[in-house]
Amino acid sequence: MTSQVEATPPEVKAPSAWPALWALVIGFFMILVDTTIVSVATPAIMDGLHSDVNAVIWVTSAYLLAYAVPLLITGRLGDRFGPKRVYLIGLTLFTLSSLWCGLTGSIEMLIIARVFQGLGAAMMTPQTMAVITRTFPADQRGRAMSLWGATAGVATLVGPILGGVLIDSLGWEWIFFINVPIGVIAFVLAMRLVPNLPTHVHRFDWLGVALSAVGLFMVVFGIQEGQKYDWNVWVWSLIIAGVVVLVLFVVWQARNRKEPLMPLKLFSDRNFSLANVAITAVGFSITAMAFPLMLFAQGVLGLSPTRAALLMVPMAVISGGLSPYVGKLTDRAHPRYVAGFGLLCFPVALVWLAMVMTPGVAIWKLLLPIALIGVANGFMWAPLSSTATRNLPMHQAGAGAGIYNTTRQFGAVLGSAGIAVLMDAQISANLPASPGGVRGEGGVAKLPAFLHEGFSTAMAHSILLPAGVLVIGLIAVLCFTAPGHLSRKPAASGSTAEPAPVG
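Residues numbered from 1 in each chain as written. Predicted model: local features only at pLDDT ≥ 70, side-chain atom pairs only at ≥ 80, totals over all residues. Heavy atoms only, no water.

### As for the overall build of the chain
Inference 1: Helix and strand counts for the chain stand at 20 helices and 0 strands.
Inference 2: If you take every contact in the chain between residues at least 6 apart in sequence, the share linking residues at least 24 apart comes to 86%.
Inference 3: Within the structure as shown, the chain displays about 18,200 Å² of accessible surface, and the carbon and sulfur contribution to it stands at 70%. (Helix = DSSP H or I, 4+ residues; strand = E, 2+ residues; numbered from the N terminus. Contact = heavy atoms within 4.5 Å. Areas by Shrake-Rupley, 256 points an atom, 1.4 Å probe, with all protein chains shown as cover.)

Laid out in structure tokens, this is it:
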């Protein structure tokens, strides 16, 4: 593609781009809610489908895996066929799969239905970021990304709350049924409000698709099932083979002279690379923290799904309330300080939460660190996403959005798999092997009182894992460089409408 494409002004002027963004955000909110909504439904699904913890974890892992693997190619599909068209196809698949999830009667069929849900989500997500990149000037993108970021932050927190209310009042199936009317509304609004943007001819790197999909699946499956098979040679061989395949994928991307699935030249932009590292850590931690917290609240404190989910209210309210102000700040301040503050608050809050997760703890003592997580979320999403996309050339907006969302979802998949392994190990270490343990048919909802101390310790230790991973993300954002538009004079602000070519 020539530099002429990169110099083209935004294809929709910023004021008229807002209705389109709001329409896309509805669907984006729905798919992100499904990333975490299952965490609060874990005990109910275990009871309803007579399953164990590890199988129910796969209800989330299968969704995240099917969500993460195709993102590189679906980002390119948006560039090739138009983000609106790809988004609507993905929304249709997601909505129908949600109906399938609610109607299923076995854990195996639920996992399969969640795979199709994930595929639909993968088609939708990159299109939202690509529309922002292609329709908003670079010096206004922070405000647009604040809406995207607020949606991402609040949705992953609202998921458990909405899930709790639906489970208590209607049953676990309704955490999926609720998507059907929302999906219909989102489809109608997107049809009416989202513009048909120009498309670009792309060749699809099918070898790259195969290598990335196989490698990611092998690594995640090995981590997820390692504890079940006592980390035998077969498990380690699978993980190592997956890493080798992913290395081959990167090598192929470097050698592919036509059009690689993941253009490595995008990583020559320092902030793009660092933002991807940081969002991987955030995706890991947001997903991982929900499981031990919800299991502790229901199994030890005896809270219903709704009351357990309501623990997240301060987090969601604070995160959503801060996001508009942080979006404006992102356009004016160095992202190192804005995102750095959020990524400092998050691990501090998780360590604080682990310290107070004891039997009989007063609810207000849990709400304080949870509120601090809300502050962290408010300061993370917008600066990370706007920093990642600010320098993307127009003809690679979909590819860049696909990479960014792939790394975020890759982190979420590893978070789901990693926390399952750690919780399983901690439960084995801290609880006696007895018929009254948490693996009984009744699940944690019927956890005997004599197991509360050990189970609390297991969940508190588990929640330290995402806290440690977040330190990596904090280091990454502290290495951000100042965005170009901050160093330009106001008179030259018109030139910020387009990002400079990368590489």
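### Considerations on the packing of aromatic side chains
Aromatic ring pairs: the centre-centre distance and the angle between the two ring planes describe each pair.
Inference 1: Enumeration over the complete set of coordinates arrives at 6 aromatic pairs.
Inference 2: Ring geometry for Trp100 versus Phe116: centroids 5.4 Å apart, planes at 45 degrees, classification tilted. With Trp100 in helix 5 (residues 83–103) and Phe116 in helix 6 (residues 107–135), this residue pair connects regions lying 16 residues apart in the sequence.
Inference 3: Seen in terms of ring centroids, Trp174 and Phe177 are 5.1 Å apart; in terms of plane orientation they differ by 75 degrees. Their pairing is edge-to-face. Remark: Phe177 and Trp174 occur in helix 8 (residues 174–177); sequence separation between them is 3 residues, near one turn of the helix.
Inference 4: Sitting over the face of the ring of Tyr63, Arg114 holds its NZ or CZ atom 4.3 Å from the ring centroid. (Phe/Tyr/Trp six-rings, centres within 6.5 Å; stacked < 30°, edge-to-face > 60°. Lys NZ or Arg CZ within 6 Å of the ring centre and 35° of its normal.)

### Describing the layout of surface pockets
Inference 1: Estimates place the volume of the largest pocket at around 440 Å³.
Inference 2: In this structure, the largest pocket is lined by 18 residues; those nearest its centre are Phe249, Met262, Thr406, Thr407 and Phe410.
Inference 3: Elements represented by at least two residues in the lining of the largest pocket include exactly helix 10 (206–225), helix 11 (233–255), helix 12 (270–299) and helix 17 (397–430).
Inference 4: Residue classes in the lining of the largest pocket are distributed as 12 nonpolar, 6 polar and no charged. (1 Å grid on protein atoms, 1.4 Å probe; cavity = no way out; pocket = protein on both sides within 12 Å on 5 of 7 lines; lining within 4 Å. Points joined across faces, edges and corners; volume = space filled by probe spheres on them. Nonpolar A, V, L, I, M, F, W, Y, C, P; charged D, E, K, R; others polar.)

### Remarks on the confidence of the model for the chain
Inference 1: Summarising the model, the chain shows a mean pLDDT of 81, and 85% of its residues fall at 70 or more.
Inference 2: Throughout residues 1–9 the model reports pLDDT below 50, and contacts reaching past four residues in sequence, or to other chains, amount to 16 contacts.
Inference 3: Low confidence marks residues 489–503, where pLDDT is under 50. Its contacts with residues over four positions away, or in another chain, come to 36 contacts. (pLDDT = per-residue confidence, 0-100.)

### Observations regarding the packing of helix 12 against helix 15 (residues 335–356)
Inference 1: Relative orientation of the contacting elements helix 12 and helix 15 amounts to 20 degrees, with a least axis distance of 12 Å. As judged from the angle between their axes, helix 12 and helix 15 are roughly parallel. The handedness of the crossing between helix 12 and helix 15 comes out as left-handed. Between helix 12 and helix 15, the residues in contact are Ala278, Val282, Ser285, Ile286, Met289 and Leu293 and Leu343, Phe346, Leu350 and Leu353, respectively.
Inference 2: For the contact of helix 12 with helix 15, the per-class residue count stands at 9 nonpolar, 1 polar and no charged. (Axes fitted to C-alpha atoms, helices over the stretch in contact; angles between N-to-C directions. Parallel < 35°, antiparallel > 145°, perpendicular 65-115°, else oblique. Left-handed = near helix turned anticlockwise from the far one by under 90°.)

### Re the environment of Ile107
Inference 1: In this fold, Ile107 is placed in helix 6.
Inference 2: Along the chain, Ile107 and Leu49 lie 58 residues apart, while their C-alpha atoms are 6.0 Å from each other.
Inference 3: If sequence neighbours within four positions are ignored, Ile107 has contacts with Ile45, Leu49, Ser51, Ala55, Val56 and Val59.

### With respect to the packing of helix 12 against helix 19 (residues 464–477)
Inference 1: At a minimum axis separation of 8 Å, helix 12 and helix 19 run at an interaxial angle of 160 degrees. The angle between helix 12 and helix 19 places the two elements in the roughly antiparallel class. The way helix 12 lies across helix 19 gives a crossing that is left-handed. Every residue of helix 19 that contacts helix 12 at Leu274, Val277, Ala278, Ala281, Val282, Phe284, Ser285, Ala288 and Met289 is listed here: Leu465, Pro466, Val469, Leu470, Ile472, Gly473, Ala476 and Val477.
Inference 2: Among the residues making up the contact of helix 12 with helix 19, the classes are represented as 15 nonpolar, 2 polar and no charged.

### Some thoughts on a nonpolar patch on the surface
Inference 1: A surface patch of nonpolar side chains, about 380 Å² in accessible area, is lined by Trp100, Met109, Ile112, Phe116 and Leu119.
Inference 2: Looking at the nonpolar patch, the element that brings in the most residues is helix 6, giving 4 residues.
Inference 3: Relative to the helices and strands, Met109 is located in helix 6. (Patch = residues over 30% accessible without salt bridge, like charges linked within 9 Å, V, L, I, M, F, W, Y side chains within 5 Å. Salt bridge = Lys/Arg side-chain N within 4 Å of Asp/Glu carboxyl O.)

### With respect to the side chain of Asn271
Inference 1: On the secondary structure map, Asn271 appears in helix 12.
Inference 2: A polar side-chain atom of Asn271 sits 2.9 Å from the main-chain amide nitrogen of Thr481.
Inference 3: Beyond its immediate sequence surroundings of up to four residues, Asn271 is in contact with Thr387, Phe480 and Thr481. (Polar contact = N/O pair within 3.5 Å; in protein donor to acceptor, adjacent residues only side chain to side chain.)

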